[in-house]
Amino acid sequence: ITEAGFGADLGMEKFLHIKQPLLETNVSVVVVVATIKALKLHGGMDEANLDEVSISSLEKGLENLEKHLENIKTLGLRSVVAINKFQSDSTEELDFLENWTKALGVPYGISEGFKLGGKGTHKLANIVKEEANKGSNFVPLYENKDSVYDKANKVARTIYGAKEVKYSKKAKDKLEKINHLDFPVC
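Structure report, in brief. (Residues numbered from 1 in each chain as written. Predicted model: local features only at pLDDT ≥ 70, side-chain atom pairs only at ≥ 80, totals over all residues. Heavy atoms only, no water.)

**A look at the sheet that holds strand 1 (residues 29-34)**
Stated formally: Two strands make a pair as long as DSSP finds a minimum of two bridges between them. Secondary structure elements follow DSSP: runs of H or I of four or more residues count as helices, runs of E of two or more count as strands, with numbering from the N terminus. The convention used is that axes are lines fitted to C-alpha atoms, helices contributing only their stretch in contact, and that angles between N-to-C directions extend from 0 to 180 degrees. Whether two residues are in contact is decided by their heavy atoms: any pair within 4.5 Å suffices.
Taking strand neighbours across the sheet as the criterion, the 3 strands line up as 1-2-3 in an open arrangement whose pairing is parallel. The outermost strands of the open sheet, each flanked by one partner alone, are strand 1 and strand 3 (108-111). Across the sheet, the mean angle from the axis of one strand to that of its neighbour is 30°, orientation sign disregarded. Relative to strand 3, strand 2 (residues 78-84) runs parallel, the two sharing 4 bridges. Bridge pairing links asparagine 84 to serine 111 in strand 3. Set on the sheet, helix 3 (residues 55-74) makes contact with strand 1 and strand 2; between it and strand 2 the angle comes to about 150°. Sheet strands in contact with helix 6 (residues 122-134) are strand 1, strand 2 and strand 3, and its direction is about 170° off that of strand 2.

**Remarks on the nonpolar core**
For the record, the criterion: To qualify as a nonpolar core, a set must consist of buried Ala, Val, Leu, Ile, Met, Phe, Trp, Tyr and Cys residues joined through side-chain atoms within 4.5 Å. With a 1.4 Å probe rolled over the protein chains alone, any residue whose accessible area is under 20% of its type maximum counts as buried; one over 50% counts as exposed, and the rest are partly exposed.
Leu16, Leu39, Leu65, Leu69, Ile83 and Leu97 are the most contacted members of the largest nonpolar core, which has 33 residues in total. Those elements that provide at least two residues to this core are helix 1 (7-19), strand 1, helix 2 (36-42), helix 3, strand 2, helix 4 (91-104) and helix 7 (148-160). Tallying contributions element by element places helix 3 first for this core, with 6 residues. Grouped together as the second largest cluster of nonpolar side chains are 5 residues, Val29, Ala82, Leu124 and Val128 included.

**Looking at the packing of aromatic side chains**
Threshold: Any two of the Phe, Tyr and Trp rings considered here, Trp counted by its six-membered ring, make a pair once their centres fall within 6.5 Å; the pair's planes then place it as stacked at under 30 degrees, edge-to-face at over 60, or tilted in between.
Applying the stated rule across the entire model yields 1 aromatic pair. On the numbers, 5.2 Å between centres and 90° between planes, the contact of tyrosine 149 with tyrosine 167 is edge-to-face. Residue tyrosine 149 is located in helix 7, and its partner tyrosine 167 is located in the loop between helix 7 and helix 8 (169-178); the two are separated by 18 residues in the primary sequence. We classify tyrosine 149 as buried; its relative accessible area is 18%.

**Let's talk about the side chain of serine 79**
Relative to the assigned elements, serine 79 resides in strand 2. The residues contacting serine 79, other than those within four sequence positions of it, are Val29, Val30, Leu69, Ile72, Val106 and Pro107.

Structure representation (C-alpha cells):
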C-alpha cells in the first residue's frame, strides 16, 4: 500500500509508469480519496458555503471524480472510491454519492479514521482488500522506446483530455536532447 500522490492523473500516472516497473509487485487497485466538500467545490459551490447541503453542486463535481475513475479504468486497473467523512456531510449527500458509485459499478467506502482511528477505516479496508484480491491488468500508455513526443502526447490526450500538444521552440530544443533516451516521461 502506498500513496502515489494527488489525483488519478499526475500522481497515479507517474507512479504507474515510473515507479511500478521497479517494484516486485504490480498495482492491483487504486483508491481515490475524496471529500463531499471537495466535490461540491469542483461543482462550483462557493467555499464559504461548503457545509450547506447541495446535491446539485455535488452532482456537478462528480464530473471531476468520474474523469479520475475513467483514467484508472483506461489503465486496466480497479478502483475504490473512499470518502473522508466530515461532520458536516449530510446523509442525503453521502447516499447520493453511494448510489452514483453503485451505478458506475465502483466500490465505495467511508473513512472516519480521523475521528474513530482504525475502527473508522475497517469497512473501507475490507472493501479495498476484496478489490485488490481480484487483481488488475495495468496497461501502460506508452513504451519507454516511444519518442518523448509520443509519450507526452499520449499522457496529455488520455489522462488530461487534451486535443493537441503544442511545444514552444525552447521546449522542443530541450526535448530533442533527451528524445533518444528509453525512459518514462515525467
